[in-house]
Amino acid sequence: MNRTTRTFGSVTLGEKLPPLKIDVTAGLIVGGALASRDFTPVHHDKAAAQATGLPDIFMNILTSNGLMGRYVTDWTGPEAALKSIEVKLGAPNVPGMVMTITGEVTAKDDAAGTVIVSVSGDNNVWGTHMAGKVCVALPKES
Amino acid sequence: MTPAETSAFEAKIRAYVGREMGPPKRGNDDVNLAMIRHWAEVTGDENPLYTDAEFAAASSRKGIIAPPTMLGIWAMEGYPMAQGHTGKVDVQRELHNIFEAHGFTGVLGTNTITEFHRELRPGDQVISHTVIDNISAPKKTARGHGYFIETVTRFTDQHGQDVGRQVFRTLRFMPSAESVAANQAQSGGDAKLKAPTRIQSPRGHDNAWWWEAIDQGKLLIQRCKRCGTLRHPPRPMCGECQSLEWDSIESSLEGEVYSYTEVSYPKFPGYPDPLLCGLIQLKEGTRLVANIVGCVPEAVHVGMKVRGKVERVDDATVLPNFYPA
Amino acid sequence: MAATISDKAAIVGIGSTEFSKDSGRSELALAAEAVKKALDDAGLKPSDVDGLVTFTIDQNEEVDVARAVGCGNISLYARVPYGGGAATGTLLQAAMAVASGVAEVVVCYRALNGRSGQRYSAGVSGTLITGSAIHYGYYMPFGLLTPASWVAMFTRRYMHLTGCTQDALFEIAQATRDYAVRNPAAFFYQRPMTRADYDAGKKICNPLTLYDCCQESDGGCAIVVTTPERARHLKQPGVSIRGVAQCIAKDQEEMTSFYRPDIARIPEMDVAADEAYAQCGLSAKDIDAAVIYDAFTPIVLWQLESWGFCKYGEAADFVQAGNLRPNGRLPSNTHGGQLSEAYIHGVNGIVEAVRLVRGTSVNQPKKAVHHALVTSGVGVPTGGAILGRMT
């Protein structure tokens, strides 16, 4: 990631973030589940996932949440501070898919020095996996 | 379930609304560098504040912080609870057991709203205070019929200070029998999921020749053999002179944008993003719908000169695309 | 020459179910309830019904509705194609039947689980709902898959030609919302919308954003039509069908008439309007209030032009001058329309037009409503009806 940080003033409303492609592998799904201490079988056991009607194991929401946070701070740089994240999941991410994350600055709060980035993660098979809003505080000057 | 069974079940689950999960609970692990690094590795997060002590010390944070998105992770119960390997059952597990006993075996986190009130550092304790805030009315979802359970967790630290809050919504659902059967039937093979392609036009008497020419890289325009009128989309009879005899000409692919739209929602798998659809006025006089490519959406305008190219857009589809001329 | 259908039939009963996002019931349950309520409103019994008319896309078979409600012998059953384009077309079928004596009491119904069941916003992306896949084949591979995407194409062209801006679309959206705020049956009851709310709406297909698009709803509506003679002896004051017409215009396609010399207007509605006015000898100046099909905001503009409330290209100014509002020239969609009450394929609009003539709308204009216009869905073959007080 870029180690310099965007300033509040340099960000414009409607600005689009560069898209990020994530290969959804079994490794990412299981790794994300374990790193988030989520041992629910559907995130590591294919038979358990199939018993709930899906073709394979699927990404847990904490990993999606983590990827969304990372996507925004990759763009802001390290001196920004996450204030809140809202994530809504749609279609599951299962191994073999490619998820493209896109974002756009949809609000700026001058008093608080925060911007809202609306983020969407769309997989190439079923469409929208996650949609949400990330609120991040940016420094006034670098 | 019969209506009577359903109302007995609903009475049971609703009794949990408003209940605390138990006494405030300190996470099994306090905030620590190892778990931070594992999380940063798997999410591909290279933010130096999480893993580069030197950089972090020189930054405004004056030291390593945990990725804020780990807030709820510090409070996760871990393997024994998820596997039912432990004698102890907390209130949330108890509620989930009731759902499972009634056939709501599916579970899916669907929404989280997380607020970060203070950044956490290695050594911090995270104490969670969780309430089962709401259980929805029964819902039909794409996965099956079920209920949304919403918990609200307040997180505090070793000083009793507030560090954040998380609303977590989980769907408990009865997996639909068809989707389970369909997926178990294919579970023998590990065929890779196929990337979807554009929705194809069916091909019949009146249009197959036009699509076949597209497959060959040509955009044709149907022409009445008797009066010479051009027509698109193709149809069997000339509306001007009623002749059934027709041939075609090949388009120059030169034209201009007569109207357009950017299709933003819903997004369909197999289509590009951004997706620009143009109504193209061809030099020959007919119009057709096709995608405008090779420019940003903001650049498209009525009257824009475009030039077409018939090209492959995915494994199954060849289409005319129009580029700014 | 004008047909002689004018004042040959009257609406004597209206009925609606609750409108919702998840009815939790079958579409047949909704249809039966709406039909029964309309009969009760008229003071008629199920055994009085001898005609049933609905949409081709309605999933409720006439035999099932008749049996569910307890009708006797049915001598007229007819369906009108093209989705919401069928709305006032059902009145035309009913009026022709009672005028010719084929039937005496005809019920027009439409009931759907349009949100919890099959959603029309999915367009032709899934299973084709109507029409021929060959036709939509010229649009599907390019991603022009939904009603919003087809309407957007006309809208962009119209804005280009006339200078109409988003301000006009907002005014239509907000006018219906303000009516819905006062209508307890409406989805947006007590939920007003500011310009900022509108501007924050999700992008759909530009220039259309979320609040330019109608609801998707579960619900049902029914209308009882009979002869003027019988209407005089029933519970409610009869509402006469003064004129009713429908049209497929030259070179029309289903939702994608992109190939005519001018695509930024609705020729089929121009023809239907002329015909309906000619039937009763009325003109735009005689229309006191209207229910204009509003699946999307811009389609209201073109219909105002078709029905002669303003000249071509002037509809944006007409609506921005407040003319759709309670004290405007043409209070319109006073129930909240399909944008803000519910999307029952325009049949809730017929119900509202009847209320306007009866004087019983929750947003009844202060001025006397002698004649109300109600229109059908556009893009598809369409039409409209002029309703008036029975004389």
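Position numbers for residues count from 1 along each chain, tracking the sequence in the order it is written. Starting at A for chains and at 1 for ligands, labels are handed out in the order in which the entities are written. Totals for whole chains, interfaces and linings use all residues, but because this is a predicted model, local features are given only for residues with pLDDT of at least 70 and pairs of side-chain atoms are given and counted only at 80 or more. Side-chain measures here rest on the full set of heavy atoms in the structure, leaving out hydrogens and waters.

## Points about the overall build of chain C
Moving on, step 1. Each helix is a run of H or I in the DSSP string that is no shorter than four residues. Each strand is a run of E no shorter than two, and both are numbered from the N terminus. Across its full length, chain C carries 13 helices and 11 strands.
Moving on, step 2. The buried label applies to any residue whose accessible area, calculated with a 1.4 Å probe on protein chains only, is under 20% of its type's maximum; exposed applies above 50%, and partly exposed to all values in between. The burial tally for chain C puts 66% of its 391 residues in the buried class.
Moving on, step 3. When contacts within chain C are restricted to residue pairs at least 6 apart in sequence, long-range pairs at least 24 apart make up 77% of them.
Moving on, step 4. Only the protein chains shown count as cover for residues, with accessible areas throughout obtained via the Shrake-Rupley method and a probe of 1.4 Å. Split by element, the accessible area of chain C, about 13200 Å² in all, is 52% carbon and sulfur.
Moving on, step 5. We score Asp and Glu as negative and Lys and Arg as positive, and we do not count His or the chain ends. Where a charge lies is defined by one atom per residue type: Lys uses NZ, Arg uses CZ, Asp uses CG and Glu uses CD. The average position of the 35 basic charges and that of the 39 acidic charges among the side chains of chain C differ by 4 Å. Contact between two residues is taken to exist if any of their heavy atoms lie within 4.5 Å; hydrogens are not considered.

## Examining the packing of aromatic side chains
Moving on, step 1. Two aromatic rings, drawn from Phe, Tyr or Trp (for Trp, its six-membered ring), form a pair once their centres lie within 6.5 Å of each other, and the interplanar angle then sorts them: stacked below 30 degrees, edge-to-face above 60, tilted otherwise. Counted under the stated rule, the structure contains 21 aromatic pairs over all chains.
Moving on, step 2. Their ring planes at 75 degrees and their centres at 6.5 Å tell us that F154 of chain C and W302 of chain C sit as a pair that is edge-to-face. Within this pair, whereas F154 of chain C is found in helix 5 (residues 147-162), its partner W302 of chain C is found in helix 10 (residues 297-306), the two being separated by 148 residues in sequence.
Moving on, step 3. On the accessibility criterion, F154 of chain C (9% relative accessible area) is buried.
Moving on, step 4. For W302 of chain C, a relative accessible area of 5% translates into the label buried.
Moving on, step 5. Taking the centre distance of 4.9 Å and the plane angle of 70 degrees together, the rings of F187 of chain C and F188 of chain C count as edge-to-face.
Moving on, step 6. Residue classification places F187 of chain C among the partly exposed positions, given a relative accessible area of 32%.
Moving on, step 7. Taken together, the ring pairs connect Y139, F154, Y158, F258, Y259, W302 and Y312 of chain C into an aromatic cluster.
Moving on, step 8. The ring of F8 of chain A has K140 of chain A sitting right over it, with the charged end atom 5.2 Å from the ring centre. A ring is scored as having a charge over it whenever the NZ atom of a lysine or the CZ atom of an arginine sits within 6 Å of its centre and within 35 degrees of its normal.

## Considerations on the interface of chain C and chain B
Moving on, step 1. Tallying the contact residues gives 37 residues for chain C and 39 residues for chain B.
Moving on, step 2. Summed over both partners, the accessible surface that disappears when two parts come together, traced with a 1.4 Å probe, is what is meant by buried area. Summed over the three residues of chain C that lose the most area to chain B, namely Y138, P141 and F142 of chain C, the buried surface amounts to 25% of that side.
Moving on, step 3. Contacts described as polar in this section are N or O atom pairs within 3.5 Å, which, within protein, must combine one atom able to donate a hydrogen with one able to accept it, while residues neighboring in sequence count only if both atoms come from side chains. Our count for the contact surface shared by chain C and chain B stands at 15 residue pairs in polar contact (both at pLDDT 80 or more).
Moving on, step 4. Among the elements of the structure, helix 4 (133-136), helix 5 and strand 5 (203-205) of chain C are those that each provide at least two residues to the side of chain C that touches chain B.
Moving on, step 5. A per-element tally of the side of chain C that touches chain B places helix 5 of chain C first, with 6 residues.
Moving on, step 6. Looking at side-chain class alone, the side of chain C that touches chain B contains 19 nonpolar, 8 polar and 10 charged residues. Charged residues are taken to be Asp, Glu, Lys and Arg, nonpolar residues to be Ala, Val, Leu, Ile, Met, Phe, Trp, Tyr, Cys and Pro, and polar residues to be all remaining types, Gly included.

## Here's the deal with the nonpolar core
Moving on, step 1. In terms of nonpolar packing, the biggest core is built from 151 residues, with I11, L91, L304 and L387 of chain C touching the most fellow members.
Moving on, step 2. The element best represented in this core is helix 5 of chain C, accounting for 8 residues.
Moving on, step 3. To qualify as a nonpolar core, a set must consist of buried Ala, Val, Leu, Ile, Met, Phe, Trp, Tyr and Cys residues joined through side-chain atoms within 4.5 Å. Formed by 64 residues, the second largest nonpolar core is a distinct cluster that contains L20, F58, V115 and V125 of chain A.

## Describing the pairing of strand 12 (residues 287-292) of chain B
Residues and elements named next belong to chain B.
Moving on, step 1. Buried residues dominate strand 12, accounting for 6 of its 6 residues.
Moving on, step 2. Here 5 bridges tie strand 11 (residues 275-282) to strand 12, and the two strands are oriented antiparallel to one another. Across the sheet, residue Q281 finds its bridge partner in strand 12, namely R287.
Moving on, step 3. Strand pairing is defined by DSSP finding a minimum of two bridges between the two strands. Hairpin geometry of strand 11 and strand 12 is characterised by an intervening segment of 4 residues between the two adjacent antiparallel strands and by a positive phi of about 115 degrees at G285.
Moving on, step 4. Bridge analysis of strand 12 against strand 14 (residues 317-324) gives 2 bridges, and the strand direction is parallel. The partner of N291 across the bridge, within strand 14, is N321.

## A closer look at the sheet that holds strand 3 (residues 76-80) of chain C
What links the strands of a sheet is backbone hydrogen bonding, and the strands pair in either a parallel or an antiparallel sense.
Residue and element names in this part refer to chain C.
Moving on, step 1. Spatial ordering of the open sheet is given by 3-2-4-7-1-8-11-10-9, a layout of 9 strands whose pairing is mixed. In this open sheet, the two strands that pair with only one neighbour each are strand 3 and strand 9 (289-291). Here the average twist between neighbouring strands, direction ignored, is 25 degrees.
Moving on, step 2. Inspection of the sheet shows strand 1 (residues 10-16) paired to strand 7 (residues 218-226) by 6 bridges, in the antiparallel sense. Opposite G13, over in strand 7, you have V224 as the bridge partner.
Moving on, step 3. Axis definition: a line fit to C-alpha positions, over the contact stretch in the case of helices; interaxial angles, taken between N-to-C directions, run 0 to 180 degrees. Taken strand by strand, helix 13 (residues 347-358) contacts strand 1, strand 2 (51-55), strand 4 (105-113), strand 7, strand 8 (239-247), strand 9, strand 10 (371-375) and strand 11 (382-389), and its axis lies near 120 degrees from that of strand 1.

## Digging into the interface of chain A and chain B
Moving on, step 1. Counting from both sides, the interface comprises 55 residues of chain A and, opposite them, 60 residues of chain B.
Moving on, step 2. Carbon and sulfur atoms supply 57% of the area buried between chain A and chain B, which totals about 4600 Å² over both sides.
Moving on, step 3. Only one rule defines a salt bridge in this text: a Lys or Arg side-chain nitrogen within 4 Å of an Asp or Glu carboxyl oxygen. On the surface where chain A and chain B come into contact, there are 2 salt bridges.
Moving on, step 4. Between R3 of chain A and D52 of chain B there is a salt bridge whose closest N-O contact spans 3.1 Å.
Moving on, step 5. Summed over the shared surface of chain A and chain B, the number is 11 residue pairs in polar contact (both at pLDDT 80 or more).
Moving on, step 6. Ranked by residue count, the leading element in the side of chain A that touches chain B is helix 3 (residues 61-76) of chain A, at 10 residues.
Moving on, step 7. Grouping the amino acids of the side of chain A that touches chain B by side-chain chemistry returns 26 nonpolar, 17 polar and 12 charged.
Moving on, step 8. Note that strand 2 (residues 81-89) of chain A and strand 2 (residues 106-116) of chain B share 5 bridges and pair antiparallel. Note on strand 2 of chain B: the bridge partner recorded for I85 of chain A is T114 of chain B.

## Looking at unusual backbone geometry
Moving on, step 1. Each neighbour pair has its own omega, and for H232 of chain B with P233 of chain B the value is -5 degrees, a cis peptide bond.
Moving on, step 2. With a phi close to 55 degrees, R37 of chain A is a non-glycine residue in the positive phi region.
Moving on, step 3. Examined against the element boundaries, R37 of chain A turns out to sit in the loop between helix 1 (26-35) and helix 2 (46-51).
Moving on, step 4. For Q190 of chain C, which is not glycine, the phi dihedral falls at a positive 60 degrees.
Moving on, step 5. Its location among the elements puts Q190 of chain C in the loop between helix 6 (166-181) and helix 7 (195-199).

## Some points on the domain arrangement of chain B
Moving on, step 1. Per the annotation, domain bounds derive from an automatic or database assignment of domains. According to the domain assignment, chain B contains domain 1 (3-31 + 49-177) and domain 2 (209-218 + 249-324).
Moving on, step 2. Centre-to-centre, using C-alpha coordinates, domain 1 of chain B lies 48 Å away from domain 2 of chain B.

## A short note on the packing of helix 1 of chain A against helix 2 (residues 33-43) of chain B
Moving on, step 1. Running from N to C, helix 1 of chain A and helix 2 of chain B cross one another at 155 degrees; their axes reach a closest spacing of 9 Å. When the axis of helix 1 of chain A is compared with that of helix 2 of chain B, the two are roughly antiparallel. In the crossing of helix 1 of chain A with helix 2 of chain B, the sense of the turn from one axis to the other is left-handed. Of helix 2 of chain B, the residues touching helix 1 of chain A (which contributes L28, G31, G32 and A35 of chain A) are H38, W39 and V42 of chain B.
Moving on, step 2. Partitioning the contact of helix 1 of chain A with helix 2 of chain B into residue classes produces 4 nonpolar, 3 polar and no charged. Should an angle fall under 35 degrees it is called roughly parallel, over 145 degrees roughly antiparallel, and 65 to 115 degrees roughly perpendicular, with every other angle called oblique. Each crossing is labelled by how the near helix is turned from the far one, with a counterclockwise turn of less than a right angle marking it left-handed and a clockwise turn marking it right-handed.

## Points about helix 1 (residues 27-42) of chain C
Residues and elements named next belong to chain C.
Moving on, step 1. The end-to-end C-alpha distance of helix 1, which contains 16 residues, comes to 23 Å, matching closely the 22 Å that a straight helix rising 1.5 Å per residue would cover.
Moving on, step 2. Turning to helix 1, its buried residues are E27, L30, A31, A32, A34, V35, A38, L39, D41 and A42.
Moving on, step 3. Check the buried side of helix 1 and you find it contacts strand 1, helix 2 (62-69), strand 4, strand 7 and helix 13.
Moving on, step 4. A positive phi of about 80 degrees marks G43, the residue just after helix 1. By this rule the span expected of a helix is its residue count minus one, scaled by 1.5 Å.

## Quick word on the pairing of strand 4 (residues 114-123) of chain A
All names here are of chain A.
Moving on, step 1. Burial within strand 4 is extensive, with 8 of its 10 residues counted as buried.
Moving on, step 2. Of the strand pairs in this sheet, strand 3 (residues 98-109) and strand 4 are connected by 10 bridges, and their pairing is antiparallel. If you follow M99 over to strand 4, its bridge partner there is N123.
Moving on, step 3. A loop of 4 residues connects strand 3 with strand 4, the two strands running antiparallel in sequence, and G113 in this loop sits at a positive phi of about 70 degrees.
Moving on, step 4. With antiparallel pairing between neighbouring strands as the criterion, strand 4 and strand 5 (residues 127-137) make up a hairpin whose turn holds 3 residues.

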